[in-house]
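# Structural overview
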Amino acid sequence: MFKVLLRPFSYLSISHPDRVHFWVNWGLPIIVAVITGGAWLLPGLLDCLGYNKPAPTDIWSGSGLVSKILSFVQNLPGFYTAALAAVATFGGEEMLRPMSGNPPKMKFLVEGALTDKLDLNRRLFLSVMFAYLTVLSFLLTTGAAVALTLAPAIKIALIPALIPWFSAVATSIYILFFVQLLTVTAWNGAYRDWEN
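## Some details on the overall build of the protein chain
Within the protein chain, the regular secondary structure consists of seven helices and four strands. Put simply, the protein chain runs from its N terminus to its C terminus through helices and strands in the order α-α-α-α-β-β-β-β-α-α-α. The burial tally for the protein chain puts 38% of its 196 residues in the buried class. Sequence-distant contacts in the protein chain: of pairs separated by 6 or more residues, those separated by 24 or more amount to 78%. Surface summary for the protein chain: the accessible area is close to 11,300 Å², and the carbon and sulfur share equals 71%.

What follows is the structure in structure tokens.
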């Protein structure tokens, strides 16, 4: 049963020799996450170097960056669920044809066991993608709600010197998956170009 509950994450197991697959899923999101975390630590670095310390920005406050992202992300699960239902039930032979060129591959869970890597057709590729985006948007929404609720207590419990580092790591992780959500969604609109 645990394997079935984790199946939406099987999107991350799709393999394809084209490098765009890596850049969409991990490359660009990691770069943006590292820059975001570094930007959070920049005021402390400037202070250590003797420059005027800029006024700190509280990303995890009720009016901070994460709260603003949450107001956007919380609307996405319904959209992705509707898209998943449409892709899964949409008729047409084009959806059942293997993707042209060198199609992406992934393993499937059949009767509790994983198969060898099989070529994906358009329906399978989009279904797996939208299932992952649906779960990711749920996790980003609930994660942000929990983090915003616990942020004041965590801030009090931490040693003051650790607060910027803890916040930078938490922000980078959240931004990593938020940017991944955006890049995979944008890629979905261009997957036909990638396929050719």
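Past the structure itself, the notes keep going.
## Quick word on the side chain of S10
Structurally, S10 is set in the loop between α1 (2–5) and α2 (19–48). A polar contact of 2.7 Å, which involves the side chain of S10, links it to the backbone oxygen of R7. Ignoring any residue separated from it by four or fewer positions in sequence, one finds S10 in contact with M106 and V128.

## Observations concerning the nonpolar core
Of all hydrophobic cores here, the largest spans 39 residues; its most connected members are Y11 and F125. At the level of secondary structure, the elements contributing two or more residues to this core comprise α2, α3 (65–73), α4 (76–89), α5 (122–157) and α6 (163–189). Tallying contributions element by element places α5 first for this core, with twelve residues. Setting aside its immediate chain neighbours within four residues, Y11 contacts N25, V128, M129, Y132, V184 and W187.

## Describing the environment of L41
With respect to the helices, strands and loops of the structure, L41 is situated in helix α2. With relative accessibility at 22%, the residue L41 sits in the partly exposed group. For the pair L41 and W165, spaced 124 residues apart in sequence, the C-alpha separation works out to 7.2 Å. Ignoring any residue separated from it by four or fewer positions in sequence, one finds L41 in contact with P164, W165 and A168.

## Topic: the environment of F130
Looking at the secondary structure, you find F130 in helix α5. Looking at F130, the relative accessible area reads 6%, which means it is buried. Distance from F130 to P8, taken between C-alpha atoms, is 8.5 Å for residues 122 residues apart in sequence. If we ignore the near neighbours within four places in the chain, the residues touching F130 are Y80, A83, L84, V87 and N188.

## Structural notes on the packing of α4 against α5
Interaxial distance between α4 and α5 falls to 9 Å at its minimum, and their mutual angle equals 165°. If you check the angle between α4 and α5, you find them roughly antiparallel. α4 and α5 meet at a crossing whose hand is left-handed. Between α4 and α5, the residues in contact are L76, P77, Y80, T81, A83, L84, V87, A88 and T89 and R123, L126, S127, F130, A131, L133, T134, S137 and F138, respectively. Among the residues making up the contact of α4 with α5, the classes are represented as twelve nonpolar, five polar and one charged.

## Some details on the pattern of salt bridges
Side chains that differ in charge, positive against negative, can pair when their charged atoms come close. Throughout the structure, instances matching the rule amount to one salt bridge. Linking D119 and K105 is a salt bridge whose minimum nitrogen-to-oxygen distance equals 2.4 Å. Here K105 lies in strand β1 (residues 105–106) and D119 lies in strand β4 (residues 118–119), a separation of 14 residues in the sequence. What makes D119 partly exposed here is its relative accessible area of 41%. We classify K105 as partly exposed; its relative accessible area is 28%.

The rules we used
Residues numbered from 1 in each chain as written. Predicted model: local features only at pLDDT ≥ 70, side-chain atom pairs only at ≥ 80, totals over all residues. Heavy atoms only, no water. Helix = DSSP H or I, 4+ residues; strand = E, 2+ residues; numbered from the N terminus. Buried < 20%, exposed > 50% of the residue type's maximum accessible area, 1.4 Å probe, protein only. Contact = heavy atoms within 4.5 Å. Areas by Shrake-Rupley, 256 points an atom, 1.4 Å probe, with all protein chains shown as cover. Polar contact = N/O pair within 3.5 Å; in protein donor to acceptor, adjacent residues only side chain to side chain. Core = buried A, V, L, I, M, F, W, Y, C linked by side-chain atoms within 4.5 Å. Axes fitted to C-alpha atoms, helices over the stretch in contact; angles between N-to-C directions. Parallel < 35°, antiparallel > 145°, perpendicular 65-115°, else oblique. Left-handed = near helix turned anticlockwise from the far one by under 90°. Nonpolar A, V, L, I, M, F, W, Y, C, P; charged D, E, K, R; others polar. Salt bridge = Lys/Arg side-chain N within 4 Å of Asp/Glu carboxyl O.

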